[in-house]
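# Residue-level structure breakdown
Listed below, chain by chain, are the residues.
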Amino acid sequence: MAGGQERILRGRIRSVQATKKITRAMELIAASRIVKAQQRVAAAVPYSDLITEVVKDLAAAGAGKDKPFLAGRAEVKRICFVPIAADRGLCGGYNSGVLRATEGEIKADTGGAVEHVVVPVGRKAEGYFRFRGYNLGQGFAGFTDNPPYSVAKEIGEYVVDMFVKGQVDKVVLIYTRFISAGSQEVVIRPLVPLDRGVVEGGDGKNAAGADYEYEPDPDLILDTLLPRYVEARVYAALLNAAASEHAFRQRAMKSATDNAEELIKNLSRIMNRARQDSITTEIMEIVGGAEALAGDDDSTPRRVEYVMADANQTGGRV
Amino acid sequence: MADASGHLRVEVVSPEKVLFSGDARQVITRTLGGGEIAFLPGHAPFLGAVSENHTRVYLTDGTVQDIAVHLGFVEVGPDHVSILSDAAELAQDINVARAEEAKRRAEEQLRTEHSAEGEAALRRAHARLSATGGLGASH
């Protein structure tokens, strides 16, 4: 049935077209959000730069030298991993990149006697690690495409609390760093204790080379400052991740749109051929019919002739 | 050291954005447990934790920028003052009615039970109202 096939193809093309409209819309939305997310990343830079500077100066002034927060713990028994993935899929390899890096890191680090606890950020991360039976801490989700500072604060407080109570001896962030709209990379960054490279380099003096006055004393300032610093780091990671998520989604949706276009083109071709076929068949039928009818024109005598011929033939044989 | 006749480059920075930046002759804020402190150009390097307070920035053009700062840090050099705060609000952005409401609620709560949260809320409300001139000149 040529006509039936044509109808089926027409239906498929329509459905692919509808899907294409959706993916195109998602692509455009993601593209517009990249810009906004990028601006937020940039807007967060002054604060994190300043707070890093202050932490450096305080550390160099000798504050908190013996604090585990800065010095780390001698024995690392338990590591907390904080992978930042997305709440939704449809963003190409974005989630799997982060999740695979996290899993690799857990296996590498916890090969020996070291335990792990995963604090998943984003619904996809939570589902992934829960399904695979990893030791989970609290999960955070529902904001990854546009993370507010309050969430960074919550996450920061949660991991700092675990560290201070001695439940974990190290906290590691895994997220996708946003370099540009065309390139992002998964990075693994130690969060607590603070990275040596972060703390060092300060001289306890300001640009003019004078010592700071402190109020209250340096240790107390550092105590209140370090949690803020961790929050700022988490916030920066969340913003980077959000920008990367949009970039990945835009790319994934662009290729989905392109694929849909390709599919529509192929299907239309098949459909046109099917239609051509059915038209050809129809014409053939008409021609055949017309010929048959043409044979019928003032036909009575001829048919009689045929019949007579038939009769003659058969008759002749009998 | 920069000369004392210069001006201060003032920046109020929250994690989400640079809230305010401008040139000033004087900045008054309040440190944690230390009381109010004023910075003039040429101030010695200073690092402090600030409490919920009404920070006043005396701009070079003669106007005063009132800011409600809710906890944070202040870093001072001879020619600059940087205030880092999770939550800070410029006076013109504060909703007075809401601050009044928050103050009333906090006071209500503190009447029945004493909580650190309630006190912090009250201090924030005070800082806001003070910054908008709602509490008179005094803090």
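Owing to the predicted nature of the structure, the values given are computational and were not obtained by experimental measurement.

Time to look at unusual backbone geometry. In this structure, A:P193 follows A:V192 across a cis peptide bond, with omega equal to -5°. Relative to the helices and strands, A:P193 is located in the loop between β4 (183-192) and α7 (196-199). Even without being a glycine, A:L90 presents a positive backbone phi close to 55°. Residue A:L90 is classed as partly exposed on the basis of its C-beta count, with 16 C-beta atoms lying within 10 Å. Look at B:L71: it is not a glycine, yet its phi comes out positive at around 65°. Considering the arrangement of structural elements, one finds B:L71 in strand β6 (residues 64-77). Residue classification places B:L71 among the buried positions, given that 21 C-beta atoms sit within 10 Å.

A few words now on the interface of chain A and chain B. How big an interface is tends to be expressed through the accessible area that disappears when the partners come together. Taken residue by residue, the interface counts 25 residues in chain A and 24 residues in chain B. Of all the secondary-structure elements, those providing two or more residues to the side of chain A that touches chain B are α2 (45-60), β5 (213-215) and α8 (218-296) of chain A. Across the side of chain A that touches chain B, the residue classes break down as 18 nonpolar, 2 polar and 5 charged. By the bridge criterion, 3 bridges tie β5(A) to strand β4 (residues 46-50) of chain B in an arrangement that is parallel. Note on β4(B): the bridge partner recorded for A:Y214 is B:L47.

A few words on the nonpolar core. If you look at the biggest cluster of nonpolar residues, it comprises 98 residues, and the most contacted ones within it are A:C80, A:V82, A:I84 and A:V159. Leaving out residues up to four positions away in the same chain, A:V159 has contacts with A:C80, A:V82, A:V119, A:V171, A:L191 and A:V192.

On to the domain arrangement of chain B. All names here are of chain B. Partitioning chain B into structural domains gives domain 1 (8-91) and domain 2 (93-131). Here the C-alpha centroids of domain 1 and domain 2 sit 22 Å apart. Breaking the side of domain 1 that touches domain 2 down by element, the ones donating at least two residues are β5 (53-59), β6 and β7 (80-90). For the side of domain 1 that touches domain 2, the element with the highest residue contribution is β6, accounting for 5 residues. Its residues placed into classes, the side of domain 1 that touches domain 2 shows 5 nonpolar, 3 polar and 3 charged.

Another aspect to go through is helix α2 (residues 116-131) of chain B. All names here are of chain B. Between its first and last C-alpha atoms α2 spans 22 Å; for 16 residues at 1.5 Å apiece the expected length is 22 Å, and the two agree. Within α2 the residues assigned to the buried category are R124, A125, H126, A127, R128, L129, S130 and A131. For α2, the elements touching its buried residues are β5, β6, β7 and α1 (96-112). Just downstream of α2, G133 is the residue with a positive phi angle, here 80°.

Once that is clear, we can look at the pairing of β5(B). All names here are of chain B. Pairing of strand β2 (residues 18-31) with β5, which is carried by 4 bridges, proceeds in the antiparallel orientation. Note on β5: the bridge partner recorded for V27 is V57. Looking at chain direction, β5 and β6 are connected through 6 bridges and run antiparallel. Looking across to β6, one finds that H54 is bridged to A68. Linking β5 to β6, which pair antiparallel, is a turn of 4 residues; within it G62 sits at a positive phi near 95°.

Residues and elements named next belong to chain B. Compared with an ideal rise of 1.5 Å per residue, which puts 17 residues at 24 Å, α1 spans 25 Å between its outermost C-alpha atoms and is within 8% of the ideal. Buried within α1 we find A99, K103 and A106. The arc enclosing the buried residues of α1, seen along the axis, measures out at 70°, which places them on a common side. Opposite its buried face, α1 presents the exposed residues A97, R98, E101, R104, E108, R111 and T112, each directed more than 90 degrees away. Buried positions along α1 lie against α2.

Criteria and thresholds
- Residues numbered from 1 in each chain as written.
- Chains lettered and ligands numbered in written order.
- Predicted model: local features only at pLDDT ≥ 70, side-chain atom pairs only at ≥ 80, totals over all residues.
- Helix = DSSP H or I, 4+ residues; strand = E, 2+ residues; numbered from the N terminus.
- Buried ≥ 20, exposed ≤ 12 C-beta atoms within 10 Å, placed from the backbone.
- Contact = placed C-beta atoms within 7 Å.
- Nonpolar A, V, L, I, M, F, W, Y, C, P; charged D, E, K, R; others polar.
- Pairing = 2+ DSSP bridges.
- Core = buried A, V, L, I, M, F, W, Y, C linked by C-beta atoms within 7 Å.
- Domains from an automatic or database assignment.
- Expected span 1.5 Å × (residues − 1).
- Arc of directions from axis to C-beta.

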